[in-house]
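Now for the letters of each chain:
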Amino acid sequence: MGIGNFLKNLFGTAKETTKETVNKAEELLDTTKSNLSEAVAKAETTLEKVKETAKEKAPEVIEKAEQVAENVKETLSELTDKASAAVENTIDTIRDNVHNYTAPKNKFEEDDSADESTDFKTYQKPSDENAD
């Protein structure tokens, strides 16, 4: 019966160890459930506070965003006007310069090109045959 007692003790001990492990697991599960319930309750409270704060602050934030957008629109409008005026001035200057360089010159203005292309005619003495 030595073997019988040995097997009885072996399986009996394993059975008791298994029960203890299951009991500890159940206790751990209960503790975890309790902790999770507390965490969920705290999270819900925090979310409610955040939600209330967001509702309170949203109109202020929206108003500030609208003001910034309006300021940006005004600034862009001013810059567009300035850029448009600068472009128009540049176009006018280009037109004036093109006109000055391509328009026919006034007859009363000095013509510098005449100095460059002056042809000197040489005087030829009439030959003696024709002289009388």
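Our subject is the structure that appears above.
The model shown is predicted, which means the values in this text are computed figures rather than measured ones. Per chain, residues are indexed from 1 in the order of the written sequence. Only residues with pLDDT of 70 or above have their local features reported here, since the model is predicted, and side-chain atom pairs are shown and tallied only from 80 upward, although totals for entire chains, interfaces and linings are computed over all residues. Side-chain measures here rest on the full set of heavy atoms in the structure, leaving out hydrogens and waters.

Q: Whenever I open this one, the overall build of the protein confuses me. Can you help?
A: Put simply, DSSP H or I for four residues or longer makes a helix, DSSP E for two residues or longer makes a strand, and each gets a number counted from the N terminus. Within the protein, the regular secondary structure consists of two helices and zero strands. The buried share among the 132 residues of the protein stands at 0%. Methods summary: accessible areas were calculated by the Shrake-Rupley approach with a probe of 1.4 Å, and residue burial reflects only the protein chains presented. Entry remark: accessible area of the protein is about 13100 Å², with carbon and sulfur atoms responsible for 57%. Only protein chains enter the accessibility calculation, which uses a 1.4 Å probe; a residue whose area is less than 20% of its type maximum is buried, one above 50% is exposed, and one in between is partly exposed.

Q: Which parts of the structure should I look at to understand a negative patch on the surface?
A: Nonpolar side chains (Val, Leu, Ile, Met, Phe, Trp, Tyr) within 5 Å and like charges within 9 Å form the patches, drawn only from residues with over 30% relative accessible area and no salt bridge. A pairing counts as a salt bridge when a side-chain nitrogen of Lys or Arg comes within 4 Å of a carboxyl oxygen of Asp or Glu. We count Lys and Arg on the positive side and Asp and Glu on the negative side, and we leave His and both chain ends out. Note on charges: their place is set at NZ of Lys, CZ of Arg, CG of Asp or CD of Glu. Together, E44, E48, E52, E56, E60, E63 and E66 make up a region of like negative charge exposed at the surface. When you line up the elements, E44 lands in helix α1 (residues 2-102).

Q: Help me out: how do you make sense of a nonpolar patch on the surface in this one?
A: On the surface, V68, V72, L76 and L79 cluster together into a nonpolar patch covering about 360 Å² of accessible area. Within the secondary structure layout, V72 lies in helix α1.

Q: Explanation requested: the pattern of salt bridges in the structure shown.
A: Pairing between side chains becomes possible if they bear opposite charge and their charged atoms approach one another. Applying the stated criterion across every chain yields a total of one salt bridge. With a shortest N-O distance of 3.9 Å, R95 and D92 are connected by a salt bridge. With a gap of three residues between them, R95 and D92 both fall in helix α1, about one helical turn apart. We classify R95 as exposed; its relative accessible area is 56%. With a relative accessible area of 39%, D92 lands in the partly exposed category.

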